Amino acid sequence: MPAWRLDTPAGTPLPPWELAVTPTVVISTALATRDFQDVHHDRDAAVRRGGKDIFLNILTTAGLVQRYVTDWAGPRATLRGMAIRLGAPCHAYDTLAFTGRARDGAGGERVVTVSGRTAAGEHVAATVRVAP
């Protein structure tokens, strides 16, 4: 991607991004964020608690949203804020598909709305403020 995308016309969709959520992704990102809750690494525990498999933690989801936006905006962009709402869990073996759209914000910022979906529905909805 180019080094700087904030000059993209407002309303232009961001390129889609898909991530294959393997068990390694779920477990390694939970451990990297120091989240040792068993539902993120122990399938039996996750199933006992009503899940179909291990699932992403919120810190991983937030990091993936940030990655999606910064991959588009480029290395010189500054994330000024993020509002995030979780929906359906994202389990191991799901594909997490991100889409987004940027609009003009205050003071030269761009406001990016992001949706991350799996086959079960929307996993995350986020609004990210990005500045040059």
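Coordinates for the structure precede this section.
These numbers come from a predicted model, not from an experiment.

Engineer: Can you tell me about the pattern of salt bridges, naming the residues and giving the values?
Structural biologist: All chains considered together, the criterion is met by 7 salt bridges. Ionic pairing is found between Arg85 and Glu122, a salt bridge with its closest N-O pair at 3.7 Å. On the criterion of sequence distance, the pair formed by Arg85 in strand E2 (residues 78-86) and Glu122 in strand E5 (residues 121-131) is long-range, its members being 37 residues apart. For Glu122, a relative accessible area of 25% corresponds to the partly exposed category. A salt bridge links Asp104 to Arg110; the nearest nitrogen and oxygen atoms lie 3.1 Å apart. The exposure class assigned to Arg110 is buried, which follows from its relative accessible area of 9%.

Engineer: Any chance you could break down the sheet that holds strand E3 (residues 94-104) for me, citing the residues and the numbers?
Structural biologist: Strand order in the open sheet made by the 5 strands is E1-E3-E4-E5-E2, with antiparallel pairing throughout. Every other strand in the sheet has two partners, leaving strand E1 (17-21) and E2 as the edge strands with one partner each. The sheet shows a mean angle of 20 degrees between the axes of neighbouring strands, direction not considered. Across 8 bridges, the pairing between E2 and E5 is antiparallel. By the bridge assignment for E5, Thr78 is matched with Ala131. Across the sheet, helix H3 (residues 58-73) lies against E1, E2, E3, strand E4 (110-118) and E5, angled at about 135 degrees from E2, the strand it touches most.

Engineer: Break down the pairing of E4 for me, citing the residues and quoting the values.
Structural biologist: Taking burial as the measure, the 9 residues of E4 include 7 buried ones, the bulk of the element. As defined by bridge partners, E3 adjoins E4 across 8 bridges and the pair is classed as antiparallel. Bridged to Ala102 within E4 is Val112. Hairpin connection between E3 and E4: a loop of 5 residues separates the two successive antiparallel strands, and Gly107 in this loop has a positive phi of roughly 60 degrees. In this structure, the hairpin formed by E4 and E5 is closed by a connection of 2 residues.

Engineer: How would you summarise unusual backbone geometry if you had to cite specific residues and measurements?
Structural biologist: With a phi close to 60 degrees, Arg34 is a non-glycine residue in the positive phi region. You can see Arg34 is positioned in the loop between helix H1 (23-32) and helix H2 (43-48). For Arg34, a relative accessible area of 65% puts it in the exposed group. We note that Tyr93 has phi near 80 degrees; this positive angle belongs to a residue other than glycine. Secondary-structure assignment places Tyr93 in the loop between E2 and E3. Residue classification places Tyr93 among the exposed positions, given a relative accessible area of 65%.

Basis of the calculations
Residues numbered from 1 in each chain as written. Predicted model: local features only at pLDDT ≥ 70, side-chain atom pairs only at ≥ 80, totals over all residues. Heavy atoms only, no water. Salt bridge = Lys/Arg side-chain N within 4 Å of Asp/Glu carboxyl O. Helix = DSSP H or I, 4+ residues; strand = E, 2+ residues; numbered from the N terminus. Buried < 20%, exposed > 50% of the residue type's maximum accessible area, 1.4 Å probe, protein only. Pairing = 2+ DSSP bridges. Axes fitted to C-alpha atoms, helices over the stretch in contact; angles between N-to-C directions. Contact = heavy atoms within 4.5 Å.

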